[in-house]
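Chain by chain, the residues:
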Amino acid sequence: MSTLAGKHIVLGLSGGIACYKAAELCRALMKSGVTVQVVMTEAAEHFMTAVTMQALSGRAVFTSQWDNREANNMAHINLSREADAIVVAPASADFMAKLLHGRADDLLSLMCLARPVEQVPLIVAPAMNREMWANPATQRNVAQLRADGVHVLDVGQGDQACGETGDGRMLEAEEILEDLESFFAPKLLKGKNVLVTAGPTYEAIDPVRGITNLSSGKMGFAIARAAHMAGAQVTLVAGPVHLPTPRGVQRVNVQSARQMQTAVAQHVDTAQVFISTAAVADWRPANSSDQKIKKDGSGQTPQLGFVENPDILATVAHSPRAVSGALFCVGFAAESHDLLAHATAKRERKGVPLLVGNIGPATFGQDDNALLLVDVDGARELPHASKQNLAIELVADIARRMG
Ligand code: C5P
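Definitions and cut-offs
- Residues numbered from 1 in each chain as written.
- Predicted model: local features only at pLDDT ≥ 70, side-chain atom pairs only at ≥ 80, totals over all residues.
- Heavy atoms only, no water.
- Helix = DSSP H or I, 4+ residues; strand = E, 2+ residues; numbered from the N terminus.
- Buried < 20%, exposed > 50% of the residue type's maximum accessible area, 1.4 Å probe, protein only.
- Contact = heavy atoms within 4.5 Å.
- Areas by Shrake-Rupley, 256 points an atom, 1.4 Å probe, with all protein chains shown as cover.
- Lys, Arg positive; Asp, Glu negative; His and termini not counted.
- Charge placed at Lys NZ, Arg CZ, Asp CG, Glu CD.
- Domains from an automatic or database assignment.
- Buried area = accessible area lost by both parts, 1.4 Å probe.
- Salt bridge = Lys/Arg side-chain N within 4 Å of Asp/Glu carboxyl O.
- Polar contact = N/O pair within 3.5 Å; in protein donor to acceptor, adjacent residues only side chain to side chain.
- Nonpolar A, V, L, I, M, F, W, Y, C, P; charged D, E, K, R; others polar.
- Pairing = 2+ DSSP bridges.
- Near = heavy atom within 4 Å.
- 1 Å grid on protein atoms, 1.4 Å probe; cavity = no way out; pocket = protein on both sides within 12 Å on 5 of 7 lines; lining within 4 Å.
- Sits in = over half its atoms within 2 Å of the grid points.
- Expected span 1.5 Å × (residues − 1).
- Arc of directions from axis to C-beta.
- Axes fitted to C-alpha atoms, helices over the stretch in contact; angles between N-to-C directions.
- Parallel < 35°, antiparallel > 145°, perpendicular 65-115°, else oblique.
- Left-handed = near helix turned anticlockwise from the far one by under 90°.
- Phe/Tyr/Trp six-rings, centres within 6.5 Å; stacked < 30°, edge-to-face > 60°.
- Lys NZ or Arg CZ within 6 Å of the ring centre and 35° of its normal.

A.B. asks: Can you lay out the overall build of the protein chain for me, pointing to particular residues and giving the numbers?
C.D. replies: Regarding its fold elements, the protein chain presents 15 helices and 19 strands. By its C-alpha atoms, the protein chain is 80 × 55 × 35 Å across when sized along the principal axes. For the protein chain, the proportion of its 403 residues judged to be buried stands at 50%. Sequence-distant contacts in the protein chain: of pairs separated by 6 or more residues, those separated by 24 or more amount to 67%. For the protein chain, the exposed surface amounts to about 19,300 Å²; the carbon and sulfur share of it is 51%. Across the protein chain, the centroid of the 36 positively charged side chains sits 3 Å from that of the 41 negatively charged ones.

Shown next, in the form of structure tokens:
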């Protein structure tokens, strides 16, 4: 379940071409179980009709501070008191300047000013031309709004409606949704550095062939996202997978087990948690060829010898920081049967306090899974759910163990 489920959000639109993305955002919020009350400035109505936003949100849109539909004629008070958050997307340069000065000459700015700041967070998604964004006045305003406790989201980069290219685009609806989900998640790992490995490794036979496995990386990416949502600084060492990087997560791409080991070694010293979800290849070809091995027509096949790859998790788990408890290590086991017995044995062999078992073939590539958490005292099941929800539960479990 999304951290947004059951929330009531006032979605404010100020003037900008990015208003079209607010329509997508409204739908995405509703899909996540949010009730959305739309408030639009007069400028926003030049870019998007209130009719569209009403149809999408299922609620009449408010556009004026003189709207007398409210019995007490105080829409700015009533709407802001009901909200779990006010999200202004798009927030134009002008609207942010207004917020900064506490001006209140239209319903949206009036409502932002009138909100109880301790109970109703204000989140703004800026959208403007790159020169407007780079202008010292805007940058000053953003810094001051942040200092005033307003949560200013990042801007996107790329082609702009004006034909120019640069910073200042409003984030896509999905990106804003991801940031809002993070915003509402409990910050159980605040101040912690978390290192996650994910995906398969690829062990080259020659420049065009190699051996790998069926890991999709989805579980590890979900864990990286959940750790970021919980307030951690997350580094994700990823084998070759085609998955988007979770927002706010630092990603390091690798191919082979040895590259993964090097990347882990570079980041593990500053981590307090190491979660090893990667399906590291147990063996690699003893001699990988620099050139493509050619079929010569004789019917002879190449003789492939193998050597064992380093066990990254076991090495880290036996390091002094892990042994002293400064680094909490979590291993994964993908098994085909006898999950409890294999996971219990693997936990001891790897030397980790927590080992998470799952049935490999059933979960590879899927969006859902079921987990078995095995520690020194026994096992606890996390029943079948989406990988993202399981990741959130697992991160909460790890945070509890760390005190
Ligand atoms: O492959 P195996 O079942 O032993 O994997 C168990 C755990 O060990 C996983 O967390 C995996 O990421 C880790 N591992 C590792 N290096 C290896 C093999 C496995 O870090 N060479």
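A.B. asks: Could you give an account of the domain arrangement of the protein chain, with specific residues and numbers?
C.D. replies: Per the domain assignment, the segments of the protein chain are domain 1 (8–184) and domain 2 (193–401). Counting from both sides, the interface comprises 7 residues of domain 1 and, opposite them, 5 residues of domain 2. Of all residues in domain 1, the largest losses of buried area upon contact with domain 2 belong to E178, E181 and S182, amounting jointly to 73% of the total for that side. The tally of links from domain 1 across to domain 2 stands at 4 salt bridges. Between E175 and R247 there is a salt bridge; the shortest N-O distance is 3.8 Å. At the boundary of domain 1 and domain 2, one finds 3 residue pairs in polar contact (both at pLDDT 80 or more). Tallied by class, residues from the side of domain 1 that touches domain 2 come to 1 nonpolar, 1 polar and 5 charged.

A.B. asks: Break down the sheet that holds strand 3 (residues 85–91) for me, with residues and values.
C.D. replies: Remark on secondary structure: sheet strands pair via backbone hydrogen bonds, oriented parallel or antiparallel. Spatial strand order, 2-1-3-4-5: 5 strands in an open sheet with parallel pairing. Single-partner strands in this sheet number two, and they are strand 2 (35–40) and strand 5 (151–152). Relative to strand 3, strand 1 (residues 8–13) is paired through 4 bridges, and the arrangement is parallel. Note on strand 3: the bridge partner recorded for G12 is V88.

A.B. asks: Can you explain the side chain of K21? Please cite residues and give values.
C.D. replies: If you trace the backbone, K21 turns up in helix 1 (residues 19–31). One polar contact links K21 to E172, side chain to side chain, over a distance of 3.1 Å. Those residues in contact with K21 that lie beyond four places of it in its chain are R169, M170, L171, E172 and A173.

A.B. asks: Just give me the short version of the site of the ligand, but keep the residues and values in it.
C.D. replies: The local shell around the ligand consists of S276, A278, V280, D282, P310, D311, I312, L313, G331, F332, K346 and K350. K346 is positioned such that a nitrogen or oxygen atom in its side chain is 2.3 Å from an oxygen atom of the ligand. If the ligand stood free it would expose 440 Å²; the protein chains cover 88% of that surface. Its atoms largely coinciding with the cavity grid, the ligand occupies the largest pocket. When contributions to the shell around the ligand are tallied by element, the ones reaching two or more residues are helix 11 (312–317), strand 16 (328–335) and helix 13 (339–350). Counted by class, the shell around the ligand contains 6 nonpolar, 2 polar and 4 charged residues.

A.B. asks: Requested: an account of helix 10 (residues 257–268), with residues and values cited.
C.D. replies: An α-helix turns once per 3.6 residues; consequently, residues spaced three or four apart project the same way. Along its 12 residues, helix 10 runs 16 Å from first to last C-alpha, staying within 8% of the 16 Å computed at 1.5 Å per residue. All buried positions along helix 10 are accounted for by A257, M260, A263, V264, H267 and V268. Summarising the axial view, the buried residues of helix 10 lie within an arc of 120 degrees, below the 170-degree limit, and thus occupy one face.

A.B. asks: Break down the packing of helix 4 (residues 93–101) against helix 7 (residues 136–147) for me, citing the residues and quoting the values.
C.D. replies: For the pair helix 4 and helix 7, interaxial distance at closest approach is 10 Å and the crossing angle is 45 degrees. Between helix 4 and helix 7, the interaxial angle falls into the category oblique. The chirality of how helix 4 crosses helix 7 is left-handed. From helix 4, A93, M96, A97, L99 and L100 reach across to helix 7, where they touch T138, N141, V142, Q144 and L145. Tallied by class, the residues present in the contact of helix 4 with helix 7 amount to 7 nonpolar, 3 polar and no charged.

A.B. asks: Please give an account of the packing of aromatic side chains that cites residues and values.
C.D. replies: The final tally for this structure, using the stated rule, is 1 aromatic pair. For the pair F183 and F184, a centre-to-centre distance of 5.3 Å together with 85 degrees between the ring planes defines the contact as edge-to-face. For F183, a relative accessible area of 26% puts it in the partly exposed group. R69 extends its terminal NZ or CZ atom over the ring of F62, reaching a point 4.3 Å from the ring centre.

A.B. asks: Can you explain the packing of helix 4 against helix 5 (residues 107–114)? Please cite residues and give values.
C.D. replies: Where helix 4 contacts helix 5, the two axes come as close as 10 Å, and the packing angle between them is 35 degrees. The handedness of the crossing between helix 4 and helix 5 comes out as right-handed. Contacts from F95, K98 and L99 in helix 4 reach L108, S109 and C112 in helix 5. The residue inventory of the contact of helix 4 with helix 5, partitioned by class, reads 4 nonpolar, 1 polar and 1 charged.

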